[in-house]
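Secondary and tertiary structure notes
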Amino acid sequence: MIRAGAISKGVCLLMKGDPYLVTEREFVNPGKGQAFVRLKLKNLKNGQTLRETIKSHETVEEAEVEERSAQFLYADGESFHFMDAETYEQFSVPIAGLEDKTNYVREGDTYELVIWQGQAIDIKLPLKMTLTVEDAPEALRGDTVSGATKPVVMETGLTVKAPLFIKTGDRLLINTDTGEYVERVTS
Amino acid sequence: MTQEIIRARAQLLRRTREFFFNEGYIEVDTPLLVPEVIPEAHIDLFETCYDDPYDESLRTKLYLIPSPEVSLKPLIGTMGGRIFQLGHCFRNRESIGTHHNPEFTMLEYYESGVDEHDLLRRTAAYLRYLLRDPNLGALARNSGRLEVIAREPLVMTVAEAFERFLGIELFQGPDDEGNAEALAERCRSRGLSPPEEAEWPELFNYVMASSLEPALPRDAPVFLTDYPVGCHVLARRGGDGRTRRRWELYLCGIEIANCFLEETSPENVRRFLDRQAEERRRRGASEVRSAESIENALDGVSSVAGAALGFDRLLMCISGVSTIEGVIFSPLHDSLRRR
């Protein structure tokens, strides 16, 4: 069992007998009333999305899952494909509900997969990841006010708003949870 | 936090002070460390102790303030006029997340001789003032938020919002207030699944969190007014007997500010404090030393309106940064993870 307030993205829950993956989680505490957790969940049996709001001190049943390291091969329209580099066993993770993760998988990189009843259901991403800028437009002259940013495209296809000084080929630390620029990696 | 946001934060602090100074407010910086608080049922505190240097047996329990209201209410009660505080507040046992950090910055402002609608207009003017700053304006333009924040605010009562966005009647008939089962039934008929046997305030908060907040428009500031009287807060009752004179401001879908036409009757404040203490006991929350002075703090004052605004969240809205950790120095969950 897990307290609703302790649920984070990527946790698997058993609700009404079905396994659900938490794809979004927001803590709501009005201060003037009890706290709630707003969840967006993906049903692992049929891929359907469910939204739930639960009191933060209530408990919910967790689904038993295991983790396995595997190398990312490619993604097609429906699934991410991985391979265990030692056993050559292949896994596919359905993309539905995990569309954002397309922006953070790189061919040949190793990721932790979440396995439920023999089925790979989710990819664990590090909170922050270094990605290389594939395309950064030149900043417009004179646009130097504080906070000015420009959209740059990363090697995975992700577009982030970055400061004007960022150039193609720079390596940037990106928050995988929000898709936001954190800093330029210089070392 | 990026360098751009560090600069924007400094500019927001400066323009905030400037706005309130221009409006005749006095800035006060009351203690963050206090021996007593206004106990609230759903707020947990950070506790610490003052140790007497010469007598080890003498220890005084102290709290980090969850809000400066414990000091500001007695102040505005005695000096009148207009005061504001811009400083840090602390709340324990909240899940750290997109909109929450245990330490955060709050702008709290009180004005005597006005009501909550006057403070609503002042708050809307404050938002417009901030956007006139070239740097903050550019930041908001860049994040696509300039038009949203500058737009004429949408002002509606909570009951109107329930009707308009959820198709649910909040009150049915004049004596309906407090009938939780009838409200739960109306929610179920609209496809919501409220918690079983919930009491009225819990049911209301559930509908707010699960359905109304996500349904509020995000293309303009939204002020929700006239909260149900069943939500027990230190705001005066409205003339209709079933609402309280309170508003909340939502900006870009985030709850930003909360305002009361402050309760001044010592008897009603006492009733509120007793209710909160009882609720805390029921919840198993630790006992806290209640500031008894708050009971008479506004006794005899004709009217005072007070608002509290989440400064970090406001910066999130202006900059388009989607998490609080992106707009504050050393967010706590980052430092906890490093340990």
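1. A closer look at the pattern of salt bridges
Pairing between side chains becomes possible if they bear opposite charge and their charged atoms approach one another. Residues and elements named next belong to chain B. Within this structure, the stated rule accounts for 42 salt bridges over all chains. Ionic pairing is found between E23 and R122, a salt bridge with its closest N-O pair at 2.3 Å. Residue E23 is found in the loop between α1 (3-22) and β1 (26-27), and its partner R122 is found in helix α3 (residues 116-131); the two are separated by 99 residues along the sequence. A salt bridge links R245 to E116; the shortest N-O distance between them is 3.0 Å. Here E116 lies in helix α3 and R245 lies in strand β9 (residues 243-251), a separation of 129 residues in the sequence. Sharing partners across several salt bridges, the network here consists of R14, R15, E18 and D133.

2. Quick look at the layout of surface pockets
Taken as a whole, the second largest pocket spans an internal volume of roughly 740 Å³. If you trace the second largest pocket, you find 36 residues lining it, with E180(A), Y181(A), T2(B), V321(B) and G326(B) closest to the centre. Looking at the lining of the second largest pocket element by element, the count peaks at five residues for strand β14 (residues 159-163) of chain A.

3. Some thoughts on the interface of chain B and chain A
Counting from both sides, the interface comprises 42 residues of chain B and, opposite them, 29 residues of chain A. Here chain B and chain A share an interface that buries about 2,900 Å² over both sides, 48% of which is from carbon and sulfur atoms. Where chain B touches chain A, the interface holds two salt bridges. Scanning the region where chain B abuts chain A turns up seven residue pairs in polar contact (both at pLDDT 80 or more). Elements that contribute at least two residues to the side of chain B that touches chain A include exactly α1, α4 (134-142), α8 (200-215), β10 (254-261) and α11 (332-338) of chain B. A per-element tally of the side of chain B that touches chain A places α8(B) first, with nine residues. Class assignment of the residues belonging to the side of chain B that touches chain A gives a composition of 13 nonpolar, 16 polar and 13 charged.

4. Structural notes on empty space enclosed by the protein
Any empty space left between the atoms is revealed when a probe the size of a water molecule rolls over them. All names here are of chain B. With the rule as written, the count across this model stands at five cavities of 30 Å³ or more. Computed from the structure, the largest cavity encloses a volume of approximately 500 Å³. Lining the largest cavity are 35 residues, with R91, F104, M106, E255 and A308 sitting closest to its centre. Those elements that provide at least two residues to the lining of the largest cavity are α2 (69-79), β6 (103-112), β10, β11 (304-310) and α10 (311-319). Of all the elements, β10 adds the most residues to the lining of the largest cavity, at six residues. Roughly 120 Å³ of internal volume is contained in the second largest cavity.

5. Things to note about the packing of α1(B) against α4(B)
All names here are of chain B. Orientation of α1 relative to α4, taken along the N-to-C sense of each, is 125°, at an axis distance of 9 Å. One finds that α1 runs oblique with respect to α4. When you trace α1 past α4, the crossing you get is left-handed. Each of A8, Q11, L12 and R15 in α1 lies in contact with α4, whose residues at this interface are P134, N135, L136 and L139. When the residues that make up the contact of α1 with α4 are grouped by side-chain class, the tally is five nonpolar, two polar and one charged.

Calculation rules
- All residue numbers here refer to positions counted from 1 along the written sequence of the relevant chain.
- Lettering for chains starts from A, numbering for ligands starts from 1, and both go in the order in which the items are written.
- Local features in a predicted model are, by the rule used here, given only for residues with pLDDT of at least 70; side-chain atom pairs are given and counted only at 80 or more, and totals for whole chains, interfaces and linings are based on all residues.
- Note that the side-chain values use all heavy atoms of the structure and ignore hydrogens as well as water.
- Here, a salt bridge means any Lys or Arg side-chain nitrogen found within 4 Å of an Asp or Glu carboxyl oxygen.
- Numbering goes from the N terminus for both helices and strands, where a helix is a DSSP run of H or I of at least four residues and a strand is a run of E of at least two.
- Here the term cavity refers to a set of points on a 1 Å grid, laid over the protein atoms alone, in which a 1.4 Å probe fits but cannot get out; the term pocket refers to an open set having protein on both sides within 12 Å along at least five of seven lines, with lining residues being those that place an atom within 4 Å of a point.
- Grid points are joined across faces, edges and corners, and a volume is the space filled by probe spheres set on the points.
- Note on contacts: a residue pair qualifies if any of its non-hydrogen atoms lie within 4.5 Å across the two residues.
- Summed over both partners, the accessible area (1.4 Å probe) lost when two parts come together is defined as the buried area.
- Nitrogen and oxygen atoms within 3.5 Å of one another constitute a polar contact, given that in protein one can donate a hydrogen and the other can accept it, and given that sequence-neighbouring residues count only through two side-chain atoms.
- Throughout this entry, Asp, Glu, Lys and Arg are counted as charged residues, while Ala, Val, Leu, Ile, Met, Phe, Trp, Tyr, Cys and Pro are counted as nonpolar. The remaining residues, Gly among them, count as polar.
- A fitted line through C-alpha atoms represents every axis, and for helices the fit uses only the stretch in contact; the resulting angles, taken between N-to-C directions, go from 0 to 180 degrees.
- When describing relative orientation, an angle under 35 degrees is termed roughly parallel and one over 145 degrees roughly antiparallel, while 65 to 115 degrees is termed roughly perpendicular and anything else oblique.
- By the definition used in this description, the sense in which the near helix is turned from the far one sets the handedness, with an anticlockwise turn below a right angle giving left-handed and a clockwise turn giving right-handed.

So yeah, pure geometry; function would need other evidence.
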